[in-house]
Amino acid sequence: MTPACLYWLQDDGQSDLTALASALNGAEQQELATLQHQERQRSFVLSRTLLYRLVTIHTGCAVQDIRFMREESGRLALQHPSGWHLSLSHAKGLVAAMLATQSCGIDIEKSRRLDVQKVVTRYFSEAEKNALALRAPEENQGGFFRMWTLKEAGVKALQQGLAGNLSRLAFDVSAEEPRQLAGDCLQLWQQVRGDIFLAAAVAGTTPVAWSAEEIRQEHLTT
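These lines cover the structure that appears in this document, whether it is placed above or below. Model, not experiment: these values are computed from the prediction. (Residues numbered from 1 in each chain as written. Predicted model: local features only at pLDDT ≥ 70, side-chain atom pairs only at ≥ 80, totals over all residues. Heavy atoms only, no water.)

Here we look at the pattern of salt bridges
Here is step 1: Scanning the entire structure with this criterion turns up 13 salt bridges.
Here is step 2: Put simply, Glu28 and Arg48 hold a salt bridge, and the shortest N to O gap is 2.7 Å. Residue Glu28 is found in helix 2 (residues 26-33), and its partner Arg48 is found in helix 3 (residues 38-59); the two are separated by 20 residues along the sequence. Both residues of the pair, Glu28 and Arg48, belong to the buried class.
Here is step 3: Here Asp172 ties to Arg179 by a salt bridge, and the two come within 3.1 Å at their closest N and O atoms. (Salt bridge = Lys/Arg side-chain N within 4 Å of Asp/Glu carboxyl O. Helix = DSSP H or I, 4+ residues; strand = E, 2+ residues; numbered from the N terminus. Buried < 20%, exposed > 50% of the residue type's maximum accessible area, 1.4 Å probe, protein only.)

What follows is the structure in C-alpha cells.
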C-alpha cells in the first residue's frame with residue numbers, strides 16, 4: 001500500500017501569523033518578502049507551516065532537518081527526507097498539503113459563482129458534459145467542482161501542466177466514490193465539506209492508504 005497523508009485548513013483571516021512567519025528559514029523569509037498582497041503572504045506562511053507539520057509527523061524528520069527545493073517547473077519538492085512526494089493547493093482562505101511515497105496531487109476549492117459552462121466546454125470530456133447536463137440545476141455546481149478538483153489533482157499527480165492536459169482526464173462523480181473514465185491511471189480520494197471541495201490523486205495502480213485531517217489554525221503552534 002502507498003501511504004498518502006493530507007492536511008487542510010481554513011484561514012480565519014484574523015489571526016496574527018507573526019509567530020508562524022518568524023519560524024520560517026532564511027530562504028522562506030526572503031520569498032515571503034517578495035509577496036505583495038496580504039492574502040498571498042498569509043497563504044504562504046500557512047502552507048509552509050502546514051507542510052512542516054505534515055512532514056515531521058508522518059516521516060519522523062525533525063523540523064530543522066527538513067529541506068524543500070524548487071524543481072525546474074517551479075513546483076515545490078521535498079529534498080530531505082528523501083523518498084517522499086508532496087503537493088500543495090491554495091484557494092481563497094483555504095490551504096491543503098499532501099505527502100505520499102508516489103507522485104501525488106491535491107486540489108482544494110470553495111464553491112463560488114463563475115461561468116461554469118465556459119470552463120466545461122473547454123476542459124471537460126463529452127462524458128463529463130453529458131453527466132453534468134443530466135443533473136438538476138441545484139446539483140450542477142457541486143458536480144462541476146467535484147470533477148474540477150479531481151482534474152487539477154490528477155494533472156499534478158501526473159506532473160503535467162494544466163494547459164492542454166485537463167481535458168485528457170475524465171471522471172464519473174455520480175457515486176460517493178469518484179471513478180476515472182479516461183487518462184493515465186490514478187488512485188483517487190475526495191471529500192466535500194459544505195461548500196469546500198477537496199480532491200487528491202496518486203499516480204499508478206498501487207492501492208493507497210489514505211489519511212486526511214482538517215487542522216485548526218489555532219493548533220498550528222502547538
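Concerning the sheet that holds strand 6 (residues 104-110)
Here is step 1: Overall, antiparallel pairing links the 3 strands, which are arranged 6-10-9 in an open sheet. Every interior strand has two partners, whereas the edge strands, strand 6 and strand 9 (186-193), have only one. Across this sheet, the average inter-strand angle for adjacent strands is 10 degrees, counted without regard to direction.
Here is step 2: For strand 9 and strand 10 (residues 196-203), the ladder comprises 8 bridges, and the chain directions are antiparallel. Counterpart to Leu186 in the pairing with strand 10 is Ala203.
Here is step 3: Packed onto the sheet, helix 6 (residues 137-157) meets strand 6, strand 9 and strand 10 and runs at close to 150 degrees relative to strand 6. (Pairing = 2+ DSSP bridges. Axes fitted to C-alpha atoms, helices over the stretch in contact; angles between N-to-C directions. Contact = heavy atoms within 4.5 Å.)

Looking at the packing of aromatic side chains
Here is step 1: Applying the stated rule across the entire model yields 8 aromatic pairs.
Here is step 2: A ring pair is formed by Phe144 and Phe145, whose centres lie 5.1 Å apart and whose planes are at 80 degrees; its orientation type is edge-to-face. Of the two residues, Phe144 and Phe145, both sit in the buried class.
Here is step 3: Pairing Phe145 with Phe197 gives two aromatic rings, centres 5.6 Å apart and planes at 25 degrees, and the pair type is stacked. Pair noted here: Phe145 is in helix 6 and Phe197 is in strand 10, with a separation of 52 residues, a long-range link.
Here is step 4: For Phe145, a relative accessible area of 1% gives the class buried.
Here is step 5: These aromatic residues form a ring-pair network of at least three members: Tyr123, Phe124, Phe144, Phe145, Trp148 and Phe197.
Here is step 6: Here Lys151 stacks its cationic end above the ring of Phe124, 5.0 Å away from the centre of that ring. (Phe/Tyr/Trp six-rings, centres within 6.5 Å; stacked < 30°, edge-to-face > 60°. Lys NZ or Arg CZ within 6 Å of the ring centre and 35° of its normal.)

Topic: the pairing of strand 2 (residues 67-70)
Within a regular strand, the side chains alternate between the two sheet faces.
Here is step 1: Where strand 2 and strand 3 (residues 76-80) come together, 4 bridges link them in antiparallel fashion. Residue pairing across strands places Phe68 opposite Leu78, the latter belonging to strand 3.
Here is step 2: Where strand 2 hands over to strand 3, the hairpin turn is made up of 5 residues, of which Gly74 adopts a positive phi near 95 degrees.

Quick word on the side chain of Thr2
Here is step 1: Examined against the element boundaries, Thr2 turns out to sit in strand 1 (residues 2-10).
Here is step 2: Not counting residues up to four positions away in its chain, the partners in contact with Thr2 are Thr101, Gln102, Val202, Thr206, Pro207, Val208 and Ala209.

A few points about the pairing of strand 10
Here is step 1: With respect to burial, strand 10 is a largely interior element, 7 of its 8 residues being buried.
Here is step 2: Two elements, strand 6 and strand 10, share 7 bridges in a ladder whose sense is antiparallel. Across the sheet, residue Gly105 finds its bridge partner in strand 10, namely Ala201.
Here is step 3: Between the antiparallel neighbours strand 9 and strand 10 lie 2 residues, among them Gly194 with a positive phi of about 65 degrees.

What about the packing of helix 5 (residues 126-133) against helix 6?
Here is step 1: The contact between helix 5 and helix 6 brings their axes to 9 Å, and the two run at 155 degrees. In this view, helix 5 runs roughly antiparallel relative to helix 6, as classed from their interaxial angle. The segment helix 5 lies against helix 6, with Glu128, Ala131 and Leu132 engaging Asn140, Gly143, Phe144, Met147 and Lys151.
Here is step 2: Grouping the amino acids of the contact of helix 5 with helix 6 by side-chain chemistry returns 4 nonpolar, 2 polar and 2 charged. (Parallel < 35°, antiparallel > 145°, perpendicular 65-115°, else oblique. Nonpolar A, V, L, I, M, F, W, Y, C, P; charged D, E, K, R; others polar.)

Overview of the environment of Ala163
Here is step 1: Tracing the backbone shows Ala163 in the loop between helix 6 and strand 7 (170-172).
Here is step 2: Separated by 133 residues in sequence, Ala163 and Gln30 have C-alpha atoms that sit 30 Å apart.

Quick notes on the sheet that holds strand 5 (residues 94-100)
Here is step 1: One open sheet accounts for 4 strands, arranged 4-5-1-11; its pairing is mixed. The sheet is open, and its two borders are formed by strand 4 (85-91) and strand 11 (208-214), each paired with just one other strand. Going across the sheet, the axis of each strand differs from the next one's by a mean of 15 degrees, ignoring polarity.
Here is step 2: The pairing of strand 1 with strand 5 spans 7 bridges and is antiparallel.

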